[in-house]
Amino acid sequence: MRTRREPPIQIKTPGQLAAMREAGLVVAHTLDVVSAAVEPGISTAELDALAEREIRAAGAVPSFKGYHGYPATICTSVNDQIVHGIPSDRARLAAGDLISIDCGAIVGGWHGDAARTVGVGPVSDELARLLEACEQALWHGLAQARPGHRLSDISHAVEVSVRASGPYGIVREYVGHGIGSEMHMDPPVPNYGRAGRGPVLAEGMALAIEPMLTLGDAQTVLLDDGWTVVTADGTWAAHFEHTVAITADGPWVLTAEDGGSSGFARLRAQSARAGQPLQVSAGAGPAS
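The rules behind each value
- Residues numbered from 1 in each chain as written.
- Predicted model: local features only at pLDDT ≥ 70, side-chain atom pairs only at ≥ 80, totals over all residues.
- Heavy atoms only, no water.
- Axes fitted to C-alpha atoms, helices over the stretch in contact; angles between N-to-C directions.
- Helix = DSSP H or I, 4+ residues; strand = E, 2+ residues; numbered from the N terminus.
- Parallel < 35°, antiparallel > 145°, perpendicular 65-115°, else oblique.
- Left-handed = near helix turned anticlockwise from the far one by under 90°.
- Contact = heavy atoms within 4.5 Å.
- Nonpolar A, V, L, I, M, F, W, Y, C, P; charged D, E, K, R; others polar.
- Buried < 20%, exposed > 50% of the residue type's maximum accessible area, 1.4 Å probe, protein only.
- Pairing = 2+ DSSP bridges.
- Salt bridge = Lys/Arg side-chain N within 4 Å of Asp/Glu carboxyl O.
- Phe/Tyr/Trp six-rings, centres within 6.5 Å; stacked < 30°, edge-to-face > 60°.
- Lys NZ or Arg CZ within 6 Å of the ring centre and 35° of its normal.

Undergrad: Hey, could you run me through the packing of helix α1 (residues 14-37) against helix α2 (residues 44-57) in this one?
TA: Packed helix pairs are specified by the crossing angle of their axes together with the interaxial distance, meaning the distance between the axes. Where α1 meets α2, the axes come as close as 9 Å, and the angle between the chain directions of the two elements is 150°. Classed by the angle they form, the pair α1 and α2 counts as roughly antiparallel. Relative to α2, the crossing made by α1 is right-handed. Touching V26, H29, T30, V33, V34 and A37 of α1 are L47, L50, A51, E54 and I55, all from α2. For the contact of α1 with α2, the residue count by class is eight nonpolar, two polar and one charged.

Undergrad: Looking at this structure, how should I read unusual backbone geometry?
TA: Where the residue is not glycine, phi is negative for most of them; where a peptide bond is considered, it is trans in most cases. In this chain, D186 is followed by P187 through a cis amide linkage whose omega measures 5°. Of note, P187 is situated in strand β8 (residues 185-189). Unusually for a residue other than glycine, H68 sits at a positive phi of about 50°. Given a relative accessible area of 67%, H68 falls into the exposed group. Although it is not a glycine, H84 adopts a positive phi angle of roughly 70°.

Undergrad: Before we go on, may I ask you to explain the environment of C103 in this structure?
TA: Mapped onto the secondary structure, C103 falls in strand β4 (residues 98-107). Exposure remark for C103: the relative accessible area of 0% places this residue in the buried category. Not counting chain neighbours up to four residues away, the residues in contact with C103 comprise V27, T30, L31, I55, F64, I74, G112, D113 and A114.

Undergrad: Help me understand the sheet that holds strand β13 (residues 237-239), please; the structure alone is not making it clear to me.
TA: Each strand in a sheet pairs with another by means of backbone hydrogen bonds, the pair being arranged parallel or else antiparallel. Pairing is antiparallel across the open sheet formed by three strands, whose spatial order is β6-β10-β13. The strands lining the two open edges of the sheet, one partner per strand, are β6 (169-170) and β13. Pairing geometry for β6 and strand β10 (residues 212-214), over two bridges, is antiparallel. Directly across from I170, in β10, lies its bridge partner L213.

Undergrad: Please clarify how the pairing of strand β5 (residues 110-119) should be interpreted in this entry.
TA: Here β5 lies mainly inside the structure; eight of its ten residues are buried. As paired elements, β4 and β5 share ten bridges and run antiparallel to each other. Residue V107 lies in a different strand from β5, and its bridge partner there is W110. Taking the residues that link successive antiparallel strands as the turn, the β4-β5 hairpin has two residues, and the phi of G108 there is positive, at about 60°.

Undergrad: Quick question: what am I supposed to make of the pattern of salt bridges here?
TA: A pair can form between side chains of opposite charge whenever their charged atoms are brought close. A complete count under the given rule lists five salt bridges for this structure. Between R116 and D32 there is a salt bridge, and its shortest N-O distance comes to 3.0 Å. Pair noted here: R116 is in strand β5 and D32 is in helix α1, with a separation of 84 residues, a long-range link. Given a relative accessible area of 37%, D32 falls into the partly exposed group. Two residues, R56 and E52, come together in a salt bridge whose shortest N-O distance is 2.8 Å. Of this pair, R56 and E52 both sit in helix α2, four residues apart, which is roughly one turn of the helix. A relative accessible area of 18% places E52 in the buried class. Each of E52, R56 and K65 takes part in one network of salt bridges that share partners.

Undergrad: How should the packing of aromatic side chains be read in this particular structure?
TA: Aromatic ring pairs are defined here through the distance separating the ring centres and the angle between the ring planes. Going through the model one piece at a time under the given rule, you end up with two aromatic pairs. Judged by centre distance (5.0 Å) and plane angle (75°), the rings of Y70 and W227 are edge-to-face. In this pair, Y70 is assigned in the loop between β1 (61-62) and β2 (74-78) and W227 in the loop between β11 (220-222) and β12 (229-231), connecting sequence segments 157 residues apart. Judged by relative accessible area, which is 3%, Y70 ranks as buried. Residue placement shows R172 over the ring face of Y192; its charged tip is 3.8 Å from the ring centre.

Undergrad: Help me understand the sheet that holds strand β3 (residues 81-83), please; the structure alone is not making it clear to me.
TA: Read from one edge of the open sheet, three strands run β3-β12-β11, paired in antiparallel fashion. Among the strands making up the open sheet, the edge pair consists of β3 and β11. Ignoring which end each strand starts from, the neighbouring axes of this sheet average 40° apart. Summarising the sheet, β11 and β12 pair through three bridges and their orientation is antiparallel. Bridge assignment links T220 to a residue of β12, and that residue is T231.

Have a look at this one:
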């Protein structure tokens, strides 16, 4: 009987991870600039134009534009849109909205990919809790990106964090992924599952981890544009993502300006307050 083999996961050299770090920093900066521009009345097309200017000014190339025919530089998913919303002149933000901004950049043939969801001005307490739960789940997953851990340890950590935060829907049809010389590579990284399964993580691997949560049911619908994914029940959604490299010193968050140090510090503090001490630090790498 033939044994089932996991697909190979690309291993990067230190130099290749350094190139991914450059791409990740472009993504981080672009997300900062675009997030700061979010305000009532602005169109998602204006945000897209701003993102493209920032990426190209840094000498990078947008990962998304032209990818399988995608027409824009970023994905802008508003309210009940979960992922892959297409920027439009007609889509203007209103006070109290949520917008997920997903961004990718290429430097020297190597990719960085990250996303964040922000409010358009102040949002309701319910939405603020959704954003906090989604971002915290992301950092719990990132903390498991260490040599010797199994891939599903990441998935399990994300799910456990979400379940502890509230009755949120965890989207299953869309998941994280390997990343490197291509934007989407093996392995898929679900946001749910049992720990201790899947490939063993090793130095030089890189993953894009991206939980997507909803206020209601987790079922999704793909709109007629062939890209935009919305919640089936019309409830609002959140999406956070980072690209992380597995290093001997720990997770190196390539799309966080500080390499993940502040995010992991917050996670340790939250875990300590909950009586569940967490030992994790950001991996050290070039330009981190």
